[in-house]
Amino acid sequence: MKRILILIAALTAITACDNRNKKPMDTPKDLLVHRLFEYSAAGQIAYGHQDDLFYGHNWVVSDPENDQLDRSDVKDVAGAYPMILGCDLGGIEMGWEENLDGVPFDLMRRAALKQIERGGIVTFSWHPRNPLTGGDAWDISSDQVVKSVIKGGEKVNEFRTWLKRAADFIESIGPDVPIIFRPWHENIGSWFWWGGKLCSPEEYQELFRMTWLYFTKERGLTNILWCYSPNGDVNPQEYMSRYPGDDFIDIFGVDIYEYIGEMTTEEAGVLYQENLRRTLTFVTTIASDHKKIVCLSETGLEGLIDPTWWTETLYPVISDFAISYVLTWRNAYDKPTHFYAPWKGFEWADDFKQFTEKENIVLL
Ligand code: BMA
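Reading the values: rules and limits
Residues numbered from 1 in each chain as written. Predicted model: local features only at pLDDT ≥ 70, side-chain atom pairs only at ≥ 80, totals over all residues. Heavy atoms only, no water. Helix = DSSP H or I, 4+ residues; strand = E, 2+ residues; numbered from the N terminus. Rg over C-alpha atoms; globule rule 2.2 N^0.38 Å. Buried < 20%, exposed > 50% of the residue type's maximum accessible area, 1.4 Å probe, protein only. Contact = heavy atoms within 4.5 Å. Axes fitted to C-alpha atoms, helices over the stretch in contact; angles between N-to-C directions. Parallel < 35°, antiparallel > 145°, perpendicular 65-115°, else oblique. Nonpolar A, V, L, I, M, F, W, Y, C, P; charged D, E, K, R; others polar. Salt bridge = Lys/Arg side-chain N within 4 Å of Asp/Glu carboxyl O. Phe/Tyr/Trp six-rings, centres within 6.5 Å; stacked < 30°, edge-to-face > 60°. Core = buried A, V, L, I, M, F, W, Y, C linked by side-chain atoms within 4.5 Å. Near = heavy atom within 4 Å. Polar contact = N/O pair within 3.5 Å; in protein donor to acceptor, adjacent residues only side chain to side chain. Areas by Shrake-Rupley, 256 points an atom, 1.4 Å probe, with all protein chains shown as cover. 1 Å grid on protein atoms, 1.4 Å probe; cavity = no way out; pocket = protein on both sides within 12 Å on 5 of 7 lines; lining within 4 Å. Sits in = over half its atoms within 2 Å of the grid points. Points joined across faces, edges and corners; volume = space filled by probe spheres on them.

Student: How should the overall build of the chain be read in this particular structure?
Tutor: Tallying secondary structure elements over the chain gives 11 helices and 11 strands in all. For 364 residues, the compact-globule estimate of 2.2 N^0.38 gives 21 Å, and the chain sits close to it at 19 Å. On the principal axes, the C-alpha backbone points of the chain span a range of 55 × 45 × 45 Å. Each of the 364 residues in the chain was classed as buried or not, and the buried ones make up 59%. Here the contacts in the chain between residues at least 6 apart in sequence split such that 75% fall between residues at least 24 apart.

Following this line, the structure appears as structure tokens:
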């Protein structure tokens, strides 16, 4: 029954999408929109991993110019690359050659193209530095930052240069290459300078819309699927409180992690499942009302300290929902406990392999 309901919801969304676009499915963006809708319609979920081709738990690309981009912790364990490659633009705004996690932008561009050439999909998040204080994305010492970059703000010109650098990079991948862009994420909580307590809903919406307008109207980058991805642990009203509007958004996402803290693995798993189920219930309903795609834009359990996390915690919940993809966060090569996918030799790697072998989980 559940599956049938998912199918009906997703088919309604596809039909609506086709009706909404005057010329259905004729641009690269339309094709990707359609493909993501199709995953949900078929009850399938594509699997994604952040920074998958750049480094893993105990390796890092050492020759960025010549690397063949064929190493992947996910592939080492599951035998296939993730369908979705997550990349982060943090640092592009400064004109840096490498992003905030040490990934050279030239390598990122090559990897994006390679991923698409292999038949996969690429999504970009962005942790830009703080344009007012000079700190990083997590510098929340001032609540004037968003105000300073929108119309009439003291940093508006500098900030346009930041947008230009990000747009230049995305443009350099190719005008006909559809990609997913997920700026200004986790915006209800208050850990980034664009967070809930750091700006008003109107200021946030203006930040998002000016980013969209710059990319789409000034630069003509119509190959982008725009993803709205608030953090979890919110109610539907909070989730929508900063929504930029249907004209600016193609995908409804949400970032939800499992945290252990003082709990046992079992308690934390139950809490995460409840939170995930509650949130995906309202996100899929809202998305269907707005005729948009859904994804679980970020999730994971740091260090995978639950032996059956993939098959018994994540899988049973997500497979009840029409979400197009799920992305787990990065496997840092320089922080031994900061990983969200297994690697070859990881003691509970087989649980992930079993997850990827489920008929509705899609890898490349
Ligand atoms: C965070 C951590 C950081 C990283 C940032 C951007 O969640 O993984 O180490 O710098 O994402 O990728």
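Student: For this particular structure, what's the right way to read the packing of helix α10 (residues 309-318) against helix α11 (residues 349-356)?
Tutor: Relative orientation of the contacting elements α10 and α11 amounts to 30°, with a least axis distance of 8 Å. As summarised for this structure, α10 and α11 are arranged roughly parallel, according to the angle between their axes. Together, W309, W310, T311, L314, Y315 and I318 of α10 and D351, F352, Q354 and F355 of α11 make up the contact between the two elements. Partitioning the contact of α10 with α11 into residue classes produces 7 nonpolar, 2 polar and 1 charged.

Student: What is the right way to look at the pattern of salt bridges in this model?
Tutor: Close approach of charged atoms lets side chains of opposite charge pair. Throughout the structure, instances matching the rule amount to 14 salt bridges. Between R71 and D76 there is a salt bridge, with the nearest N and O atoms lying 3.2 Å from each other. Between E171 and R219 there is a salt bridge, with the nearest N and O atoms lying 2.7 Å from each other. Of the two residues, E171 sits in helix α6 (residues 156-173) while R219 sits in the loop between α7 (201-218) and β7 (224-228), which places them 48 residues apart along the sequence. Here E171 falls in the partly exposed class, since its relative accessible area comes to 35%. Salt bridges linked by common partners bring K164, D168, E171 and R219 together as one network.

Student: Could you clarify how one ought to interpret the packing of aromatic side chains in this entry?
Tutor: Between two aromatic rings, the relevant description is the distance of the centres plus the angle of the planes. A complete count under the given rule lists 40 aromatic pairs for this structure. Look at F159 and W162: their rings are 6.2 Å apart centre to centre, the planes differ by 50°, and that puts the pair in the tilted class. Note that F159 and W162 are positioned in helix α6 at a spacing of 3 residues, about one turn of the helix. For the residue pair F159 and W162, the accessibility class agrees, reading buried in each case.

Student: Please clarify how the environment of G79 should be interpreted in this entry.
Tutor: Mapped onto the fold, G79 is located in the loop between α3 (73-78) and β4 (84-88). Here the alpha-carbon distance between G79 and K353, two residues 274 residues apart in the chain, equals 8.6 Å.

Student: Would you mind going over the nonpolar core with me for this structure?
Tutor: The biggest cluster of nonpolar side chains holds 98 residues, and the ones touching the most others in it are Y47, L89, F124, F181, F215 and I318. Of all hydrophobic cores here, the second largest spans 21 residues; its members include A46, I84, L225 and V362.

Student: In this structure, what is going on with the environment of M210? I would like to understand it.
Tutor: As for its placement among the helices and strands, M210 is situated in helix α7. Taking the relative accessible area as the measure of exposure, M210 reaches 18% and is therefore buried. Taking the C-alpha atoms as reference, M210 lies 9.5 Å from L163; in sequence the two are 47 residues apart.

Student: Looking at this model, I keep getting lost on the site of the ligand. Mind explaining?
Tutor: Every residue lining the ligand is accounted for by L100, D101, H127, W138, W329, R330, K335 and H338. The side chain of D101 places a nitrogen or oxygen atom 2.6 Å from an oxygen atom of the ligand. W329 is positioned such that a nitrogen or oxygen atom in its side chain is 3.0 Å from an oxygen atom of the ligand. Notes on the ligand: free accessible area 310 Å², of which the protein chains cover 79%. When atoms are counted within 2 Å of each cavity's grid points, the one that captures over half of the ligand is the largest pocket. In the shell around the ligand, the residues fall into 3 nonpolar, 2 polar and 3 charged.

Student: It is not clear to me how the layout of surface pockets should be interpreted in this structure. Could you clarify?
Tutor: Rolled over the atoms, a probe as big as a water molecule pinpoints where empty space is left. The volume enclosed by the largest pocket comes to roughly 810 Å³. Forming the walls of the largest pocket are 34 residues, and the residues nearest its centre are E186, Y257, Y259, E298 and Y340. Broken down by secondary-structure element, the contributors of at least two residues to the lining of the largest pocket are β8 (251-258), α9 (265-289) and β9 (293-301). Along the lines of polarity and charge, the residues of the lining of the largest pocket split into 17 nonpolar, 6 polar and 11 charged.

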